[in-house]
Amino acid sequence: MSVIVFVLSGAFAMCVPFALAALGELVAEKSGVLNLSVEGMMALSAVMGFMVVAGTGSHVLGLGAGMIAGAGLSVIFAALVLLFRANQVAAGLAVGILGMGLSNLLGRSYEGSSVTALAKIRVPVLSEIPVIGPILFVQDIVVYLTVVLVIVIAWFLYHTKPGLRLRVIGENPETAYALGMHPVAVRLACVAFGGMMAGLAGAYASTILTPVWAQNMIAGRGWVAVALVVFGTWRPIRIALGAYLFGAVGLASLSLQSLGVGVPSQVMSASPYLLTIIVLVVISANSLRIRLNAPMALGQNFSPHG
């Protein structure tokens, strides 16, 4: 039972980088922009956040620095695809590689360094409830913020007029422009928001989740986040549940290793990514589900001048 509680509780923290980055990518994709540079944004933000926390001791400043770094890299991507109408896949890969290269360069001198992790918050009374208390009510502040963001984004996309306009632009930007909307400006805002979310995810991973700097510490989380958008069929709640599932699988594999289960460590470490492949294969087999949920203009560039 203690192992189960440990996995279910720790999965909330493990899922935060996945969930935050995936939610940011969701908003960008809902506007019609496919951003494949999430991995690079998380990597650059991870090192920027770590550097700031190491220098100032402030996690607030570190998370803020990560968000600024992610937003800055996203603006470069947005300029390529929205102003110069570059291919979204190629531009995303190029910007992602840029982010990972900068991360390795800036983080070289911090290799093996550590910072103080952020303390967890114990909710009075509720945290004392057997089993449920330690799982739900003993978490750090970013975990609770992530839950709030899931609810707010779901409400914004499906229960507000700006959210409806955003989805219209993602379905048909030409029609939206004819109706007086501004697809380029909206897409820019959505991509920048996605970059900020990826930045927050990367900084959380390096300063709170595993507060020891190592090269390539993001380790594919950005790609899993992109896959989670498809896994969750472009729905915030489903994406959050998928992120929790991936977090639980990753933590369970580590727990099994500590218990001496006779499975190679490489297989355990690869389990979240194997799950990603399996899930994508299953979902992709249902092409109707993809067509019904994916934005129709996803990956298509738009110019008001034709």
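Thresholds, definitions, all that
- Residues numbered from 1 in each chain as written.
- Predicted model: local features only at pLDDT ≥ 70, side-chain atom pairs only at ≥ 80, totals over all residues.
- Heavy atoms only, no water.
- Axes fitted to C-alpha atoms, helices over the stretch in contact; angles between N-to-C directions.
- Helix = DSSP H or I, 4+ residues; strand = E, 2+ residues; numbered from the N terminus.
- Left-handed = near helix turned anticlockwise from the far one by under 90°.
- Nonpolar A, V, L, I, M, F, W, Y, C, P; charged D, E, K, R; others polar.
- Parallel < 35°, antiparallel > 145°, perpendicular 65-115°, else oblique.
- Contact = heavy atoms within 4.5 Å.
- Phe/Tyr/Trp six-rings, centres within 6.5 Å; stacked < 30°, edge-to-face > 60°.
- Buried < 20%, exposed > 50% of the residue type's maximum accessible area, 1.4 Å probe, protein only.
- UniProt positions renumbered as here; feature names shortened; annotations may be inferred.
- Patch = residues over 30% accessible without salt bridge, like charges linked within 9 Å, V, L, I, M, F, W, Y side chains within 5 Å.
- Areas by Shrake-Rupley, 256 points an atom, 1.4 Å probe, with all protein chains shown as cover.
- Salt bridge = Lys/Arg side-chain N within 4 Å of Asp/Glu carboxyl O.
- Polar contact = N/O pair within 3.5 Å; in protein donor to acceptor, adjacent residues only side chain to side chain.
- Core = buried A, V, L, I, M, F, W, Y, C linked by side-chain atoms within 4.5 Å.

1. Comments concerning the packing of helix H3 (residues 59–83) against helix H9 (residues 183–209)
Next up, step 1: Axis separation between H3 and H9 bottoms out at 6 Å; the angle between their running directions is 140°. When the axes of H3 and H9 are compared, the crossing they make is right-handed.
Next up, step 2: Its residues assigned to classes, the contact of H3 with H9 shows 15 nonpolar, 8 polar and 1 charged.

2. Quick look at the packing of helix H6 (residues 141–159) against H9
Next up, step 1: At their nearest, the axes of H6 and H9 sit 12 Å apart, and the two run at 160° to each other. When the axis of H6 is compared with that of H9, the two are roughly antiparallel. Crossing hand, H6 versus H9: left-handed. Residues Val142, Val143, Leu145, Leu149 and Ile153 of H6 touch H9, and the partners they reach there are Phe193, Met197, Leu200, Tyr204 and Ile208.
Next up, step 2: Of the residues assigned to the contact of H6 with H9, the class counts are 10 nonpolar, no polar and no charged.

3. Brief notes about the packing of aromatic side chains
Next up, step 1: Under the defined criterion, the tally for this structure stands at 6 aromatic pairs.
Next up, step 2: Aromatic side chains Phe50 and Trp213 sit 5.9 Å apart centroid to centroid with 45° between the ring planes, which places their arrangement in the tilted category. Separated by 163 residues along the polypeptide, Phe50 in helix H2 (residues 38–56) and Trp213 in the loop between H9 and helix H10 (221–231) bring together distant segments of the chain. Judged on exposure class, the residue Phe50 and its partner Trp213 are both buried.
Next up, step 3: Taken together, the aromatic side chains of Phe18, Phe231 and Phe246 make up a single cluster linked through ring pairs.

4. Structural notes on the UniProt feature "transmembrane region" (unreviewed entry) in the protein chain
Next up, step 1: Here the UniProt feature "transmembrane region" (unreviewed entry) sits at residues 31–53, 60–83, 89–107, 141–158, 184–206, 212–231, 243–264 and 270–288.
Next up, step 2: Summarising residues 31–53: 70% helix, 0% strand, and an end-to-end C-alpha distance of 33 Å.
Next up, step 3: Overall, residues 60–83 shows 100% helix and 0% strand. The separation of its end C-alpha atoms is 33 Å.

5. What about a nonpolar patch on the surface?
Next up, step 1: Taken together, the side chains of Ile76, Leu80, Leu83, Phe84, Leu98, Leu102, Leu105 and Leu106 define a hydrophobic patch exposed on the protein surface, amounting to about 730 Å² of accessible area.
Next up, step 2: For the nonpolar patch, the secondary structure elements donating two or more residues are H3 and helix H4 (88–107).
Next up, step 3: If one sorts the elements of the nonpolar patch by residue count, H4 sits on top with 4 residues.
Next up, step 4: Tracing the backbone shows Leu106 in helix H4.

6. Considerations on the side chain of Ser31
Next up, step 1: Checked against the element boundaries, Ser31 lands in the loop between helix H1 (2–30) and H2.
Next up, step 2: Within polar-contact distance, the side chain of Ser31 engages the backbone oxygen of Ala28 at 2.6 Å.
Next up, step 3: Ser31 has contacts with Leu166, Ile169, Gly170, Arg187 and Cys190, leaving out every residue within four places of it along the chain.

7. Describing the environment of Arg165
Next up, step 1: Tracing the backbone shows Arg165 in helix H7 (residues 161–171).
Next up, step 2: Between the alpha carbons of Arg165 and Ser31 there is a distance of 9.0 Å; along the sequence they are 134 residues apart.

8. Section: the nonpolar core
Next up, step 1: Of all hydrophobic cores here, the largest spans 72 residues; its most connected members are Leu20, Leu26 and Tyr204.
Next up, step 2: Tallying contributions element by element places H1 first for this core, with 14 residues.

9. Let's talk about H10
Next up, step 1: Burial runs high along H10: 9 of the 11 residues are buried.
Next up, step 2: Restricting attention to buried positions, one finds in H10 the residues Arg221, Gly222, Val224, Ala225, Val226, Ala227, Leu228, Val229 and Val230.
Next up, step 3: Backbone geometry just downstream of H10 places Thr233 in the positive-phi region, at approximately 45°.

10. So, the pattern of salt bridges
Next up, step 1: Counted by the stated rule, this structure contains 1 salt bridge.
Next up, step 2: With a shortest N-O distance of 3.6 Å, Glu128 and Arg122 are connected by a salt bridge.
Next up, step 3: Classification of Glu128 by relative accessible area gives exposed; the value is 56%.

11. Examining the environment of Gln215
Next up, step 1: You can see Gln215 is positioned in the loop between H9 and H10.
Next up, step 2: A C-alpha to C-alpha distance of 19 Å links Gln215 and Leu93, two positions 122 residues apart in sequence.
Next up, step 3: A polar contact is formed between the side chain of Gln215 and the backbone oxygen of Asn104, at a distance of 3.1 Å.

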